[in-house]
Amino acid sequence: MPQEVIRRKRDGLVLGAAEIEEFIRDFAGGIVTGEQAAAFAMAVFFRGMNGDECAALTRAMTRSGSVLDWRPCGLSGPVLDKHSTGGVGDNVSLMLAPALAACGAFVPMISGRGLGHSGGTLDKLESIPGYRTRLDLGELQHVVAEVGCAIVGATADLAPADGRLYAIRDVTATVESIPLITASILGKKGAAGLDGLVMDVKTGSGAFMSSIDEARALAKSLVEVAGGAGLRTAALITDMDQALASAAGNAVEVRHALAYLTQAKRETRVHAVVVALGGALLSLGGLAANEAEGESLIAGALTSGAAAERFAAMVASLGGPRDLLERPDLHLPRAPVVRDVLAPTPGFVGKVDARRIGLAVVALGGGRTRLDGAIDPRVGFTQLAALGDEVGTGHGTAPLGTVHARSETEAEAAAATLRSAYRIEDMAPPTRSPVLERL
C-alpha cells in the first residue's frame, strides 16, 4: 500500500527496490494520489535514500514510460545531452544544444519547467510564438534526426512519473533533495536513450545546492548512479553566486540567447560555461579526442554561425517563426513597464543574493507558486549587474538592472527586492571562473 511505503520512509527505514518500483508505477498510473506523492517526497527529503534506493527510484522513473531507441534512425553521430540543476539566468541549453548539433551530435534535450526560484527552459521557449514543447516520441526522433537537436518537455510516454512528481516538488519545498534530484534527472535522461550526458551542478546563493560540499555530493551521486546504469556521464560544478546571464525571466532570456548566438552580445561567464559543457560532451561522445579539442569545436560552431543556424532550424521545425533570429522584436512579447533600477549608493558589486533575484522574477509573474499557475513570459530583469561591476545612483550611470513588469506597482516591488539582493562595496572583489570543478 502507498501509505505503508510513505510510513516506512518517514520512519527512516530502507525501502526495497520492489516497493519503490511499485509506488512509482502506481503513481504514473494514477493509483497513488498527488497528496501521497507529496508525502513521499517530503519523507525522502527529510530521511534521504541510500545508493541502492536512489538507483531503484531512478530505474522506476525511467521505466514508468517508453525508452527511446535511436538505432532505427540511422544517426551519424552520438546521442548526447546536458542537464543543469537550475539557477537564475541560466539559459545555457538554448545555446549549447544547437552548438552540439553543429558539431555532429544529436541532442534530444528533455527539459523541465521552473522549480522554486529557478527558471525553466520550457517556460522560456514557450515565450516564442508557436513553439511546441509537447511532441510524441515519433515527432521528437524525426526532428532530432533532421535538425540535430530538439528542446522539448517529457511526453506522456517518456518518464511520465517524473513529470508529475517534478511539478509536486516545485510547490511543496522538496526540490533540494539529492535522491529526488538524481532520480528526476537520470530518469528522464535514461528514457531518452543517451550515449553521453554532462551535468551542470550549480552552487552558490542562487543554486539549490548552496554549498560546494552539497554540490559535490550531488555531482558524485549523479555520476555514480548514471555510471551504474551504463550511461557515460561527467559533471561540472559551476558558480551560481550571481545570475549567470545578465537576463532573468523568460522572453528576456530568449532575447539574450539570440544575441549570444548571433554574436550581437556574448558575455564572458555564459560563454565559459557553454564551451566547457560542450567540450566535455563532445569528448564523452567521441567527437573530440579530449575536452580541450571539444571546447575548440564548440567555440568554432558558435563563431561560424553554424549553431545559430541549427537553433533557427529547431525553432522552425517545432512550430516557431522562421525569422526569429532576424526579427526577435517582432515575435517575442514585451512587458508594458520597463524601468532601470539604480543602486542605493555608488560603488562596486561585492555580493549578490541570486536566489532573491529569482524569487523577484516569480513575484513579477515569471514563475509559479502553485501547480496550475500561469506564467507571464514578458516579465523579468535585464542588464543585471555582475560581481565587480561599477554601479551608480544617477541617470547615465550603470544600474543594478532593468525591471520588466506588468504594472508600476509590481515594478517598484521588484526594484526594492533587486536592491536588497546586492551589496555595494568600495572596491571590486577578485573575479573567478564560473567553472569551479570537474568530476
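Overview of the structure. (Residues numbered from 1 in each chain as written. Predicted model: local features only at pLDDT ≥ 70, side-chain atom pairs only at ≥ 80, totals over all residues. Heavy atoms only, no water.)

## Regarding the overall build of the protein
Line of reasoning, step 1. Of regular secondary structure, the protein possesses 17 helices and 13 strands.
Line of reasoning, step 2. Considered along the principal axes of its C-alpha atoms, the protein spans approximately 65 × 50 × 40 Å.
Line of reasoning, step 3. A burial count over the protein gives 57% of its 439 residues as buried.
Line of reasoning, step 4. Residue pairs at least 24 apart in sequence account for 78% of intrachain contacts in the protein once pairs closer than 6 positions are excluded.
Line of reasoning, step 5. Summed over its atoms, the accessible surface of the protein is roughly 16,900 Å², and 51% of this surface lies on carbon and sulfur atoms.
Line of reasoning, step 6. Charge-centre separation for the protein: the mean point of 42 positive side chains lies 2 Å from the mean point of 49 negative side chains. (Helix = DSSP H or I, 4+ residues; strand = E, 2+ residues; numbered from the N terminus. Buried < 20%, exposed > 50% of the residue type's maximum accessible area, 1.4 Å probe, protein only. Contact = heavy atoms within 4.5 Å. Areas by Shrake-Rupley, 256 points an atom, 1.4 Å probe, with all protein chains shown as cover. Lys, Arg positive; Asp, Glu negative; His and termini not counted. Charge placed at Lys NZ, Arg CZ, Asp CG, Glu CD.)

## Some details on the nonpolar core
Line of reasoning, step 1. Among the nonpolar cores identified, the biggest contains 118 residues, and Val274, Ile298, Phe311, Ile357, Phe381 and Tyr422 are the most heavily contacted of them.
Line of reasoning, step 2. Broken down by element, the residue count for this core peaks at 10 residues, all from helix 12 (residues 268-284).
Line of reasoning, step 3. By size, the runner-up hydrophobic cluster in this structure holds 23 residues, among which are Phe27, Ala38, Phe40 and Val44. (Core = buried A, V, L, I, M, F, W, Y, C linked by side-chain atoms within 4.5 Å.)

## Structural notes on the side chain of Thr382
Line of reasoning, step 1. Secondary-structure assignment places Thr382 in strand 9 (residues 380-382).
Line of reasoning, step 2. A distance of 2.8 Å separates polar atoms of two side chains, one belonging to Thr382 and the other to His404.
Line of reasoning, step 3. The residues touching Thr382, leaving out its near neighbours within four places in the chain, are Ser246, Ala247, Val252, Gly401, Thr402 and His404. (Polar contact = N/O pair within 3.5 Å; in protein donor to acceptor, adjacent residues only side chain to side chain.)

## Notes on the packing of helix 5 (residues 92-102) against helix 11 (residues 251-261)
Line of reasoning, step 1. Running from N to C, helix 5 and helix 11 cross one another at 35°; their axes reach a closest spacing of 9 Å. Taken as a pair, helix 5 and helix 11 cross one another with a handedness that is right-handed. Side by side, helix 5 and helix 11 meet where Leu94, Met95 and Pro98 of the first sit next to Glu253, Val254, Ala257, Tyr260 and Leu261 of the second.
Line of reasoning, step 2. Taken together, the residues that form the contact of helix 5 with helix 11 break down as 7 nonpolar, no polar and 1 charged. (Axes fitted to C-alpha atoms, helices over the stretch in contact; angles between N-to-C directions. Left-handed = near helix turned anticlockwise from the far one by under 90°. Nonpolar A, V, L, I, M, F, W, Y, C, P; charged D, E, K, R; others polar.)

## Focus: the sheet that holds strand 7 (residues 337-341)
Line of reasoning, step 1. An order of 6-9-11-7 is seen for the 4 strands of this open sheet, with the pairing classed as antiparallel. Looking at which strands have only one partner, the edges of the open sheet turn out to be strand 6 (248-249) and strand 7.
Line of reasoning, step 2. When strand 7 meets strand 11 (residues 401-405), the two strands line up antiparallel, connected through 5 bridges. Bridge pairing links Val338 to His404 in strand 11.
Line of reasoning, step 3. Sitting on the sheet, helix 16 (residues 354-366) is in contact with strand 6, strand 9 and strand 11, with an inclination near 125° to strand 9. (Pairing = 2+ DSSP bridges.)

## Regarding the environment of Gly278
Line of reasoning, step 1. Among the structural elements, Gly278 can be located in helix 12.
Line of reasoning, step 2. The exposure class assigned to Gly278 is buried, which follows from its relative accessible area of 0%.
Line of reasoning, step 3. Distance in space between the C-alpha atoms of Gly278 and Glu295 is 6.3 Å, their sequence separation being 17 residues.
Line of reasoning, step 4. In this structure Gly278 touches Leu96, Leu100 and Ile298, once residues within four positions along its chain are discounted.

## Digging into the pattern of salt bridges
Line of reasoning, step 1. Within the structure shown, the criterion is met by 31 salt bridges.
Line of reasoning, step 2. Of the charged contacts in the structure, one is a salt bridge between Asp239 and Arg432, with a shortest N-O distance of 2.7 Å. Here Asp239 is found in strand 5 (residues 232-239), whereas its partner Arg432 is found in the loop between strand 12 (422-425) and strand 13 (435-438), with 193 residues between them in sequence.
Line of reasoning, step 3. Judged by its relative accessible area of 3%, Asp239 is buried.
Line of reasoning, step 4. Owing to a relative accessible area of 49%, Arg432 belongs among the partly exposed residues under this scheme.
Line of reasoning, step 5. Put simply, Glu4, Arg7, Arg10 and Asp11 are held in one network by salt bridges that share partners. (Salt bridge = Lys/Arg side-chain N within 4 Å of Asp/Glu carboxyl O.)

## Re the sheet that holds strand 8 (residues 347-352)
Line of reasoning, step 1. Read from one edge to the other, the open sheet built from 3 strands follows the order 10-8-12, with strand pairing classed as antiparallel. The sheet is open, and its two edges are formed by strand 10 (390-391) and strand 12, each paired on a single side.
Line of reasoning, step 2. Set on the sheet, helix 17 (residues 408-421) makes contact with strand 8 and strand 12; between it and strand 12 the angle comes to about 50°.

## A look at helix 14 (residues 306-317)
Line of reasoning, step 1. Compared with an ideal rise of 1.5 Å per residue, which puts 12 residues at 16 Å, helix 14 spans 16 Å between its outermost C-alpha atoms and is within 8% of the ideal.
Line of reasoning, step 2. Those residues of helix 14 that fall on the buried side of the exposure criterion are Ala307, Ala308, Phe311, Met314, Val315 and Ala316.
Line of reasoning, step 3. Check the buried side of helix 14 and you find it contacts helix 5, helix 7 (137-147), strand 3 (149-153), helix 11 and helix 13 (291-304).
Line of reasoning, step 4. Where helix 14 ends, the next residue or the one after it, Gly319, has phi of about 100°, a positive value. (Expected span 1.5 Å × (residues − 1).)

## Concerning the packing of aromatic side chains
Line of reasoning, step 1. As enumerated under the stated definition, the model contains 2 aromatic pairs in all.
Line of reasoning, step 2. The side chain of Arg266 reaches across the aromatic face of Tyr260, ending 4.5 Å from its centre. (Phe/Tyr/Trp six-rings, centres within 6.5 Å; stacked < 30°, edge-to-face > 60°. Lys NZ or Arg CZ within 6 Å of the ring centre and 35° of its normal.)

## A word on unusual backbone geometry
Line of reasoning, step 1. Residues other than glycine seldom take positive phi values, yet Ala173 does so here, at roughly 60°.
Line of reasoning, step 2. By the element assignment, Ala173 lies in the loop between helix 8 (160-171) and helix 9 (178-191).
Line of reasoning, step 3. Of the residues examined, Ala173 reaches a relative accessible area of 54% and is grouped as exposed.

## Describing the packing of helix 2 (residues 17-28) against helix 8
Line of reasoning, step 1. Running from N to C, helix 2 and helix 8 point in directions that differ by 85°, and their axes come no closer than 8 Å. Taken together, the axes of helix 2 and helix 8 are roughly perpendicular relative to one another. From helix 2, Ile24, Phe27 and Ala28 reach across to helix 8, where they touch Ala161, Arg164, Leu165 and Ile168.
Line of reasoning, step 2. When the residues that make up the contact of helix 2 with helix 8 are grouped by side-chain class, the tally is 6 nonpolar, no polar and 1 charged. (Parallel < 35°, antiparallel > 145°, perpendicular 65-115°, else oblique.)

As far as function goes, none of this settles anything; it's purely spatial.
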